[in-house]
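Examination of the molecular architecture
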Amino acid sequence: MTRGALLKKFRSPWAIAAVVLVLGIAVALAFSSSGSSTSVKKSSRFIAGTPEGNAAVKLDTTLYVPNSTPAPAVLLAHGFGGDKDSVSSEATTLAQHGYVVLAYTARGFGNSGGNIHLDAPAYEVKDARLLVSYLASRSEVQKKNGKPQIAVAGGSYGGGLALLLAGTDSRITAVAADITWNDLSQALFPNAASNQPGVFKKLWVGTLFGSAFGNGGTKACGRFAADACAAYQEAASSGQATPALQTLLRQASPSTVLSQIKAPTLLTQGEEDSLFTLSQADANARGIAANGTPVRVVWRAGGHDNSANGGATLTAAVLDWFGKAFGAGITGAQPFQLAQLNGSVSAASGEITQQNLQASGYPGIGGTARKTRTVALLGPPQQVGAPAGGTPAAISSIPGLSGALSQFGRVSSILSSLSVVPEQTAGFISAPVHGSSVIAGSSTVRITVTSSTSGAVTLFAALRDLPSSGAPSGAQAGSDFLGQAVAEFAKSKLPAQLVAPLRLSGMRAGVPRTVTVQLPGIVQTVPNGDRLVLTVATTDFAYQMPSDPSTYTIALADASNQLRVPVTLGAKALKSGQQPAAWLITGALICLLALAVVALEIKRRRRVLRPAPELAEVPVAIAGLVKEYAGGYRAVDDVTFRVEAGQVVGLLGPNGAGKTTLLRVLVGLITPTAGTVHVFGDPVYPGAPVLARLGAFIEGPGFLPHLTGRENLRLFWAATGRPEEEADFQTALDIAGLGSSIERRVRTYSHGMSQRLGIAQAMLGLPELLVLDEPTNGLDPPQIAEMREVLRRYAETGRTVVVSSHLLAEVEQTCTHVVVMHKGKLVAAGSVNEIAGTGGFQLAVADPSRAAEVLAAAGISTEMVPARRALEDVFLGLVGADE
């Protein structure tokens, strides 16, 4: 954590009351919708899996049994990099609703044996069939007409396994596959044009393989099987899917077994997912439905780029689907559901709220003729450049993060701006859209590409929403288009940060080629008056780029320049079920009781948290501070001291002294049990306005590794909500001394550079008080010396610094004052000179007077000199006796 300014949204204690209120309502709604059994028995065991050669393989499993059996069973598979514990919450929920659940750790992960074969039929799929046999043998599992009632469910890696199992094992009664793939080759090497090699999704592939490298293996690829390891390394080196890798990915693709799936299948796919996009679920749905098998498609919030969102929709959909499958059965066409995000946060689930829209049937990723609109685009042919190796590159998606980050307005605008590099981007814009509409699916457009060189061309197309206030005045008339429009595209919103890669092989210099581009599948509300923008870029950081530079001319191909957009005509909003009045009354009573408790707490805190005008010029004043945790442990025990303006104060103490706890109280991260903390005369509490005058670096830095240092700082500052001109980026960077390294990606930083970037982040806005927790931790001597200069330079600006450290010699050289803590208590406070300074005038002998006489008789003169004690000696004297 680096700045108290991030907590501004909780400025008032009444915010606590509001949170308690909505939580009480959530409790009432949760009780009202329960109706499920709550008693669940768990037992763990290892089950024999498919041997690898002559080596036996054991799979780590946990069986969840409800209180009423026999019952239908669910085989629950986890995502890539997870294990059985990562799905324990889902397993418990299913068991509480009456299902026998077998959760297991796939081979190559966690405590299971074997190697990772990427959902290979001969290994992972065969393992799953053995686990189905195990469930079928259990007396707790219900049978119908002699057939065990078994469903399979999983997300991502587990979702692919669920579909592959359903296509090869007739004992499966129902399927629920979430955020998974259809064709793994197409997902990892996507391409919008037919019969063309794919574009290597290097960032996601590297992230996935990297997550398994440290999974207990000793090889270069961790616990990956040798063939998968070799194929990945060759692809990572060449940027292309080798024949060996294509074979592996094809075997692991549900597309090979869709025609054999007979069990009713629920496909839920995330709308914020740059790994497995909506088109992958669309291909699965079409393939399964073509065989007459019932399929339901749900486009939910979240996905691989925002895994914290959409869980509530997923759980409800799975329970509903399995309830029908094991009940009356599922036949006929199934309704289609999609999520339209509203931007606010649900009190019950903590997720971004959404409006669920439902249509009578699934229209497909591109909609139907009845549900497709055509939009005319404007813009002349434009020339764009592709730099060598794709550097610098536009940044669209950040694996695992971009969806979540795009929920924040300022952060979203920065991400959108990073995805547009003007010299590398061609853009085409529509007239203002009349009437609000919801785009739901994948739009298409035809473009013509002319390359200055022969060979392959790689491009990235996207559909954006440009607010009416950001559109160039001359765009509609076409006057000075490039001068006005392209510069404004960075202000547009890039839905879910998704782009569509396009690779054109065999291009000839100067010879144009016209192609149809399928844009990313999105769900985006376009307000009345906004404009749609088509951008075609030459680079994207998430993908492998050509090594040679080139220039391309991009033009709209159709005479009418039509963009074909699927919309949600005919979809209706779903209404939440009515809740019993008794539960609402119960919830209201809970809320009233909670509000009464909060009101008393507010009243008590207001007596304590009063401004102290007499301390308005004092950066830090702590009086009688106590922080006690459960069990009576006091991390901080009755500490009192002050920090005056212009001081550099070192907070010293052995491990467990309470230093970090004190600093966390000081920056408003935690509240004290007793005592007061004032910063510039104002009381400190979570979200206190005075924290905007304070910069902090607590418990280490956290940055996005794929962004540069400067981009990380800008994202952080945007999250504070303060104007960019107040950041004073250059001054903070000059003090931190990062130089040109600030333009490098953070993943290339040494530990020392990351620490200095963290210091620079804390210095943004040049706060009057800087609080740093172990800023030199892990640095080598030269880096420590540099950090010492950083702190000195900052103090020379007239501001105040509080720094904790265990390096006593550094504190002695850097700080003007010290505060020594031991076992939560204050044992000394004062200037360095007072504590480690003069200790009286004396000779370094036992009898100074006699020594002086003897030396004088020998003709040797003597003089008294000040004896200075090392701070380390003083520190050991204060705390060492108890060590």
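This section reports on the structure supplied with the text. (Residues numbered from 1 in each chain as written. Predicted model: local features only at pLDDT ≥ 70, side-chain atom pairs only at ≥ 80, totals over all residues. Heavy atoms only, no water.)

**Details of the overall build of the protein chain**
- In terms of helices and strands, the protein chain carries 23 helices and 35 strands.
- In the protein chain, which comprises 883 residues, the share counted as buried stands at 52%.
- Sequence separation of 24 or more characterises 77% of the internal contacts of the protein chain that already satisfy a separation of 6 or more.
- On the protein chain, roughly 36500 Å² of surface is accessible, and the fraction owed to carbon and sulfur atoms is 54%. (Helix = DSSP H or I, 4+ residues; strand = E, 2+ residues; numbered from the N terminus. Buried < 20%, exposed > 50% of the residue type's maximum accessible area, 1.4 Å probe, protein only. Contact = heavy atoms within 4.5 Å. Areas by Shrake-Rupley, 256 points an atom, 1.4 Å probe, with all protein chains shown as cover.)

**Considerations on the pairing of strand 13 (residues 372-378)**
- Direction of pairing for strand 13 relative to strand 22 (residues 562-566): antiparallel, over a ladder of five bridges. Counterpart to T372 in the pairing with strand 22 is P566. (Pairing = 2+ DSSP bridges.)

**Thoughts on the sheet that holds strand 24 (residues 620-628)**
- What the four strands build is an open sheet, ordered 25-24-27-28; its pairing is antiparallel. Since the sheet does not close on itself, it has two edges, and those belong to strand 25 (634-643) and strand 28 (682-683), each with one partner.
- With seven bridges connecting them, strand 24 and strand 25 associate as antiparallel partners. Along strand 25, the bridge assignment pairs V620 with V643.

**Considerations on the pairing of strand 20 (residues 531-537)**
- In terms of residue burial, strand 20 counts as a mostly covered element, since seven of its seven residues are buried.
- Neither face of strand 20 is open: one carries R531, V533, T535 and A537, the other L532, L534 and V536, and all of them are buried.
- The sheet contact formed by strand 15 (residues 425-430) and strand 20 spans five bridges and is antiparallel. The residue of strand 20 that forms the bridge with G427 is T535.
- Pairing of strand 17 (residues 455-466) with strand 20, which is carried by seven bridges, proceeds in the antiparallel orientation. Its bridge partner being in strand 20, A462 is matched across the sheet by T535.

**Topic: helix 7 (residues 226-238)**
- Compared with an ideal rise of 1.5 Å per residue, which puts 13 residues at 18 Å, helix 7 spans 18 Å between its outermost C-alpha atoms and is within 8% of the ideal.
- Of all the residues in helix 7, the buried ones are A228, C229, A231, Y232 and A235.
- Directly after helix 7, the chain includes G239, whose backbone phi takes a positive value near 80 degrees. (Expected span 1.5 Å × (residues − 1).)

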